[in-house]
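Listed here are the chains, written in short residue letters.
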Amino acid sequence: MKDRIALVLLAAALLLPACMREAVPDVSSGAETVTGPGRAEEEASKPKRESGGGPAAVVSGLRIPWSVQRFGETFYISERGGHIVVASNGSFDRQEVRLGRPVYEQGEGGFLGLALAPDFARTQTVYAYYTYRDGGRTYNRIVSLVPEGGSWREQDALLERIPGGVIHNGGRLAFGPDGMLYATTGDAGDEELPQNLQSPGGKILRMKPDGGVPEDNPFPGSYVYSYGHRNPQGIGWATDGTLYSTEHGPSSVPGGHDEINAIEPGGNYGWPETIGDESREGMIPPLYHTGEDTLAPSGMAVDRDGRVLAAGLAGNRLVRYTPGGEDVEVLLEGEGRLRDVLLTEDAAYILTGNTDGRGRPKPEDDRLLRIDLR
């Protein structure tokens, strides 16, 4: 089933303050250290320019990477099988994650989104979104993690029993400028969930860092921030505070209709009642959609000019959209499936997703790529 419309970017999209660019906490000792070019399939090194002047490969040999975060000069990359890759200074550690419930990696599920805590410099806390099984059913949960002995240990479970499945798990995490944790969830293949305000499926959720429900959420006592989503996998903020999200459109007839949305508190984004330019009272249409073309946007970021960069899976390209426009600009293509993007002032870091079973991996895949931005 088609999806709907790596080391520096989501952290840059949130513009970490200078005080957080301190010495990187030492969490890189321990499991599976890889250095230099001796093992090509798991090599991390300084950026290497691809032949023909293309993007620079910053890290190679990743195993189904899903999310990339950055603190100082260190990158934290989730791998869907249940590891965090910590990469810096020409090497990386593939570190085990010890969880209260095992990762269930099937289809689109597994160990997905990562977000560094706003006070990461002090606490070294990472938040994660992942798929698990309970009572014969598939769910997703959001947990906090802390480093311990070269691995990561679950500290707290913030939210559990988010609907999950082999498709449409959502999975992106990000801290907003308000200090709250936001999560995108999919409909898990059940089209009744997005319009059901009692279900966390097919939503964008908002919570306190300790898992509490913020008092100013649009629906009292509920994590739901917006609803009517099919499979949103990207989220980010412009400097003016506008929240954007990317979302996968349907793969049946008509296909395509992948979206970029501006998210309003309490907003209903229409799925499955509307797609594309269709309208219905009380439902918010997308800022941009792909028509019957497909991008399958996953991770995204917003640059300092308010433009949305989205990494495309089935579309195999990184695009940039200016809100109010009618088309997108292609920034990168020819590298296969693209899973996530992270921005700095002058560059974008992009995770490829060619080892996820739907791509055509090269021997060095998957990789974190760097391209210069003008």
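Since the structure is predicted, the reported quantities are computational estimates derived from the model, not experimental observations. (Residues numbered from 1 in each chain as written. Predicted model: local features only at pLDDT ≥ 70, side-chain atom pairs only at ≥ 80, totals over all residues. Heavy atoms only, no water.)

(A) Main features of the pattern of salt bridges. Within the structure shown, the criterion is met by 28 salt bridges. Here arginine 339 makes a salt bridge to aspartate 356, at a shortest N to O gap of 3.6 Å. Here arginine 339 is found in strand β24 (residues 338-343), whereas its partner aspartate 356 is found in the loop between β25 (347-352) and β26 (368-372), with 17 residues between them in sequence. Taken as a pair, arginine 339 and aspartate 356 share a single burial class, namely buried. For aspartate 372, the salt bridge goes to arginine 370, with nearest N and O atoms at 2.3 Å. When salt bridges with common partners are traced through the structure, they connect Arg101, Asp134, Arg141, Glu154, Glu160 and Arg161 into a single cluster. (Salt bridge = Lys/Arg side-chain N within 4 Å of Asp/Glu carboxyl O. Helix = DSSP H or I, 4+ residues; strand = E, 2+ residues; numbered from the N terminus. Buried < 20%, exposed > 50% of the residue type's maximum accessible area, 1.4 Å probe, protein only.)

(B) Looking closely at the sheet that holds strand β20 (residues 297-302). What the 4 strands build is an open sheet, ordered β20-β21-β22-β23; its pairing is antiparallel. Each edge of the sheet is formed by a strand with only one pairing partner; in this case those strands are β20 and β23 (328-333). Each neighbouring strand pair of the sheet contributes to a mean axis angle of 25 degrees, computed without reference to strand direction. (Pairing = 2+ DSSP bridges. Axes fitted to C-alpha atoms, helices over the stretch in contact; angles between N-to-C directions.)

(C) Inspection of the environment of arginine 63 at higher detail. Within the secondary structure, arginine 63 is located in the loop between β3 (56-59) and β4 (65-71). Linking arginine 63 and valine 85, residues 22 residues apart in sequence, is a C-alpha distance of 9.6 Å.

(D) The nonpolar core, seen in detail. By size, the foremost hydrophobic cluster in this structure holds 19 residues, and its most contacted members are Tyr127, Ile142, Leu173, Leu181, Leu205 and Met207. Of all the secondary-structure elements, those providing two or more residues to this core are β8 (111-116), β9 (126-134), β11 (151-163), β12 (173-175), β13 (181-184), β14 (203-207) and β15 (224-227). The leading source of residues in this core is β11, at 3 residues. For leucine 181, the residues in contact, after removing those within four places along its chain, are Ala115, Tyr127, Ile142, Leu158, Leu173, Ala174, Phe175, Leu205, Arg206 and Met207. Counting residues in hydrophobic clusters, the runner-up holds 17 residues, among them Phe71, Val126, Ala128 and Tyr130. (Core = buried A, V, L, I, M, F, W, Y, C linked by side-chain atoms within 4.5 Å. Contact = heavy atoms within 4.5 Å.)

(E) Here's a closer look at the packing of aromatic side chains. Applying the stated criterion to the full structure yields 12 aromatic pairs. Each ring, one from tyrosine 76 and one from tryptophan 152, has its centre 6.4 Å from the other, and the planes form 80 degrees; the classification is edge-to-face. Here the residue tyrosine 76 occupies a position in strand β5 (residues 74-79), and tryptophan 152 occupies one in strand β11, the gap between them amounting to 76 residues. The exposure class assigned to tryptophan 152 is buried, which follows from its relative accessible area of 0%. Judged by centre distance (5.2 Å) and plane angle (75 degrees), the rings of tyrosine 127 and phenylalanine 175 are edge-to-face. Highlighted residues: tyrosine 127 in strand β9 and phenylalanine 175 in strand β12, separated in sequence by 48 residues. Classification of phenylalanine 175 by relative accessible area gives buried; the value is 5%. Taken together through their ring pairs, the aromatic side chains of Phe71, Tyr76, Phe120 and Trp152 make up a single cluster. Positioned above the aromatic ring of tyrosine 104 is the side chain of arginine 133, whose terminal nitrogen or guanidinium carbon lies 5.2 Å from the ring centre. Of note, arginine 141 hangs over the ring of tyrosine 132, and the distance from its end group to the ring centre comes to 5.7 Å. (Phe/Tyr/Trp six-rings, centres within 6.5 Å; stacked < 30°, edge-to-face > 60°. Lys NZ or Arg CZ within 6 Å of the ring centre and 35° of its normal.)

(F) Representation of the side chain of histidine 168. Summarising the element assignment, histidine 168 is placed in the loop between β11 and β12. Assessed through its relative accessible area of 3%, histidine 168 is described here as buried.

(G) Representation of the environment of valine 330 within the structure. With respect to the element layout, valine 330 can be found in strand β23. Each C-alpha atom, one on valine 330 and one on arginine 320, is 6.4 Å from the other, the two residues being 10 residues apart in sequence.

(H) Geometry of the confidence of the model for the chain. Considering every residue of the chain, the mean pLDDT works out to 88; 86% of them sit at 70 or more. Confidence drops under a pLDDT of 50 for residues 1-46, and excluding neighbours within four residues, the segment shows 173 contacts in the predicted structure. (pLDDT = per-residue confidence, 0-100.)

(I) Region of interest: the sheet that holds strand β18 (residues 259-263). Ordered in space as β16-β17-β18-β19, the 4 strands form an open sheet in which the pairing is antiparallel. Pairing within the sheet leaves two strands with one partner each, and these edge strands are β16 (232-237) and β19 (288-289). The pairing of strand β17 (residues 243-247) with β18 spans 5 bridges and is classified as antiparallel. Within β18, the residue paired with threonine 246 across the bridge is isoleucine 260.

(J) Region of the structure containing the side chain of arginine 94. Checked against the element boundaries, arginine 94 lands in strand β7 (residues 91-98). Look at arginine 94 and you get buried, because its relative accessible area is 1%. At a separation of 3.1 Å, a polar atom in the side chain of arginine 94 contacts the main-chain carbonyl oxygen of glycine 61. Side chain to side chain, arginine 94 and glutamate 79 meet in a polar contact 2.7 Å long. (Polar contact = N/O pair within 3.5 Å; in protein donor to acceptor, adjacent residues only side chain to side chain.)

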